[in-house]
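What follows is each chain in one-letter form.
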Number of protein chains: 2
Amino acid sequence: MNLLLLEPQHFIDERHAELDQRQLRHVLDVYQANKGDELRVGVINGRVGSGIITHLSAEKMQLEVNLDNPPPPALPLTVLLALPRPKMLKRSLQHLTALGVKKIILMNSYRVEKSFWQSPWLSPEKVREQLILGLEQARDTVMPEVILEKRFKPFVEDRLPALMAGKRGLVAHPVGGESCPHLISEPAVLAIGPEGGFIEYEVDKLEQAGFQRIHLGPRILRVETAVTAIVSKLYD
Amino acid sequence: MNLLLLEPQHFIDERHAELDQRQLRHVLDVYQANKGDELRVGVINGRVGSGIITHLSAEKMQLEVNLDNPPPPALPLTVLLALPRPKMLKRSLQHLTALGVKKIILMNSYRVEKSFWQSPWLSPEKVREQLILGLEQARDTVMPEVILEKRFKPFVEDRLPALMAGKRGLVAHPVGGESCPHLISEPAVLAIGPEGGFIEYEVDKLEQAGFQRIHLGPRILRVETAVTAIVSKLYD
């Protein structure tokens, strides 16, 4: 945790906050903090800055908060991710959030196992936990939006065109297409397939929706590695 | 496993190989392979291609092997990594190998905990296991070289200059320096600090050795994410 994320209910007044028990335990165990110490803090969907510990006991901790900076800029990127297996889903949500992605669409695809849609890790509370871990890692405060699209065709045909307005569409696919571009200037929508990749029908449908195939060379990378690689090439 | 890695002792003659028991179990359990199936294979430090299953029983499997392609190109990058904690070490070795790094130097730094150097995961057998997992992931065959440098100053002063010959030195550090460059044409040496980063003395020493500070913006990324991000920016 590189940032202590506060929520509105933690604030006593404009400049003072009191931690809840989970945060208190974490600060005591991990930071081994003392009265007078300064911690990096942020407010969910708000600014970041520092918090000086003004009161500390085993039951209670108060901070004097000075929120003097905006959160880091968001990436101008929407990610369409074929729903990964639960373990990968947790990691991918944390990872995309840490990178600065603010819109994540988990969608169906032929090679997504049906059981993945039953995962308890898709509940809003569990999703939120992973997003918060990603924000804390990257010292960000702005919660990403996560959308579930359980049917590929209606999503791509009916809702994707509106999402694409003014954006460049890129689908990561090892066959055909060009090497991933560097330093594009426009916002983009990036589609990433499941383990084993999209089937050709799906890539065709995405191409009809205006997506361009890109690849990362002959190495097969895991989904989260591929996402980091593409994001890093596209934007500075 | 996207590639079945064979070693010289598996070959019966130039075109035929017999798997060992560990590989046989894996092929039976994971691939659920049958006689006549074609698998992607490669030879350690050699070529890649296909293997057709010519004999398959619970005790024995033989392949007719056709090695018609070179492995994917290596990255022209040496990575100096401050020794991470054991769990991160495993992941980082796999990860760097999958990306195509062929020279990995695990080095000491002020913020590396002394106990990390005692980890059983540093034994040559355990390191090799992680490298093989990385090669199998990326369909590569060429084993990286892993070097341990337990003392920072003698390494940086005495041995690093020879490693740097003809290469660009880059040290990832959040303070000072410029944004990571894109698409450089020369080989490079990339230094990555421990959790909490290099101390200023260490960055100074690396700068004296010809390294240039680079950063990845205001987000704090995990070591393996930072490595992927930098590699992806530097090379196509």
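Every value quoted in this text rests on a predicted model; they were computed, and no experiment measured them.

**Structural notes on the overall build of chain A**
- What chain A contains, in helices and strands, is six helices and 13 strands.
- The principal-axis extent of the C-alpha atoms belonging to chain A is close to 60 × 40 × 35 Å.
- Here chain A holds 236 residues, and the buried ones make up 49% of them.
- Sequence-distant contacts in chain A: of pairs separated by 6 or more residues, those separated by 24 or more amount to 69%.
- Of the roughly 11000 Å² of accessible surface on chain A, a fraction of 51% belongs to carbon and sulfur atoms.

**Here we look at the pairing of strand E6 (residues 61-69) of chain A**
Residue and element names in this part refer to chain A.
- For strand E3 (residues 16-18) and E6, the ladder comprises three bridges, and the chain directions are antiparallel. Counterpart to Glu-18 in the pairing with E6 is Gln-62.
- Relative to E6, strand E5 (residues 48-56) is paired through seven bridges, and the arrangement is antiparallel. Considered in E6, the bridge of Ser-50 is made with Asn-66.
- Turn length for the E5-E6 hairpin, with the two strands adjacent in sequence and antiparallel, is four residues.

**So, the domain arrangement of chain A**
Residue and element names in this part refer to chain A.
- Segmentation of chain A into domains returns domain 1 (4-69) and domain 2 (77-234).
- Each of domain 1 and domain 2 was reduced to a C-alpha centroid, and the two centroids are 34 Å apart.
- Contact residues are listed per partner, giving eleven residues for domain 1 and nine residues for domain 2.
- When the area that domain 1 buries against domain 2 is broken down by residue, the three leading residues are Leu-5, Arg-40 and Asn-45, summing to 57%.
- One salt bridge in this structure joins Glu-7 and Arg-128, with 3.1 Å as the shortest N-O distance.
- Top element by residues in the side of domain 1 that touches domain 2 is strand E4 (residues 38-43). It accounts for three residues.
- Per-class residue counts for the side of domain 1 that touches domain 2 are four nonpolar, three polar and four charged.

**Brief notes about the relation of the copies chain A and chain B**
- For the match of chain A to chain B, the screw axis carries a shift of 0.0 Å, the RMSD comes to 0.0 Å, and the turn is 180°. What the superposition gives is, in effect, a two-fold axis relating one chain to the other.
- Of all interface residues in chain A, 100% are interface residues in chain B too; the two copies therefore contact each other through one and the same surface.

**Some details on the interface of chain A and chain B**
- Taken together, the contact pairs 30 residues of chain A with 30 residues of chain B.
- Here chain A packs against chain B, burying approximately 2400 Å² in sum over the two surfaces, 51% of which is carbon and sulfur.
- One can count two salt bridges joining chain A with chain B.
- A salt bridge links B:Asp140 to A:Arg219, with the nearest nitrogen and oxygen atoms 3.1 Å apart.
- At the junction of chain A with chain B, the criterion picks out 15 residue pairs in polar contact (both at pLDDT 80 or more).
- Secondary-structure elements contributing two or more residues to the side of chain A that touches chain B are helix H2 (86-99), helix H3 (124-138) and helix H6 (223-234) of chain A.
- Counting residues per element, the side of chain A that touches chain B draws most heavily on H6(A), at six residues.

**A word on helix H1 (residues 21-31) of chain B**
All names here are of chain B.
- What H1 keeps buried is the set Gln-23, Leu-24 and Val-27. All buried residues of H1 project into a common sector of 105° when viewed along the axis, lining one side. Exposed residues lying more than 90 degrees from the buried face of H1 are Arg-22, Asp-29 and Val-30.
- Against strand E1 (4-6), strand E4 (38-43), strand E5 (48-56) and strand E6 (61-69) lie the buried residues of H1.
- The opening residue of H1, the one whose side-chain oxygen lies 3.3 Å from the backbone nitrogen of Arg-22, is Asp-20.
- Looking one or two residues past H1, Gln-32 carries a phi angle of roughly 45°, positive in sign.

**Details of the sheet that holds strand E3 (residues 16-18) of chain B**
Residue and element names in this part refer to chain B.
- Judged by pairing direction, the sheet is mixed, and its six strands sit side by side in the order E1-E4-E5-E6-E3-E2 without closing on themselves. The open sheet is flanked by E1 and strand E2 (11-13), the only strands paired with a single partner. The mean angle between the axes of side-by-side strands here comes to 40°, regardless of whether they run parallel or antiparallel.
- The strands touched by H1 are E1, E4, E5 and E6; relative to E1, the strand with the most contacts, the crossing angle is about 165°.

**Focus on the packing of aromatic side chains**
- Within the structure shown, the criterion is met by zero aromatic pairs over all chains.
- Sitting over the face of the ring of B:Trp121, B:Lys90 holds its NZ or CZ atom 4.2 Å from the ring centroid.

**Structural notes on the sheet that holds strand E10 (residues 168-172) of chain B**
Residue and element names in this part refer to chain B.
- Ordered by their spatial adjacency, seven strands build an open sheet running E9-E8-E7-E12-E10-E13-E11, and the pairing between neighbours is parallel. The open sheet has two edge strands, strand E9 (145-149) and strand E11 (178-179), and neither has a second partner.
- Two elements, E10 and strand E13 (residues 211-215), share four bridges in a ladder whose sense is parallel. Across the sheet, Ala-172 pairs through a bridge with Ile-214, a residue of E13.
- Against the sheet, helix H4 (residues 152-164) contacts strand E7 (77-82), strand E8 (103-107), E9, E10, strand E12 (188-192) and E13, and its axis sits at roughly 165° relative to E8.
- Along the sheet, helix H6 (residues 223-234) makes contact with E7, E10, E12 and E13, crossing E12 at roughly 155°.

Criteria and thresholds
- Residues numbered from 1 in each chain as written.
- Chains lettered and ligands numbered in written order.
- Predicted model: local features only at pLDDT ≥ 70, side-chain atom pairs only at ≥ 80, totals over all residues.
- Heavy atoms only, no water.
- Helix = DSSP H or I, 4+ residues; strand = E, 2+ residues; numbered from the N terminus.
- Buried < 20%, exposed > 50% of the residue type's maximum accessible area, 1.4 Å probe, protein only.
- Contact = heavy atoms within 4.5 Å.
- Areas by Shrake-Rupley, 256 points an atom, 1.4 Å probe, with all protein chains shown as cover.
- Pairing = 2+ DSSP bridges.
- Domains from an automatic or database assignment.
- Buried area = accessible area lost by both parts, 1.4 Å probe.
- Salt bridge = Lys/Arg side-chain N within 4 Å of Asp/Glu carboxyl O.
- Nonpolar A, V, L, I, M, F, W, Y, C, P; charged D, E, K, R; others polar.
- Least-squares fit on C-alpha atoms with pLDDT ≥ 70 in both.
- Polar contact = N/O pair within 3.5 Å; in protein donor to acceptor, adjacent residues only side chain to side chain.
- Arc of directions from axis to C-beta.
- Axes fitted to C-alpha atoms, helices over the stretch in contact; angles between N-to-C directions.
- Phe/Tyr/Trp six-rings, centres within 6.5 Å; stacked < 30°, edge-to-face > 60°.
- Lys NZ or Arg CZ within 6 Å of the ring centre and 35° of its normal.

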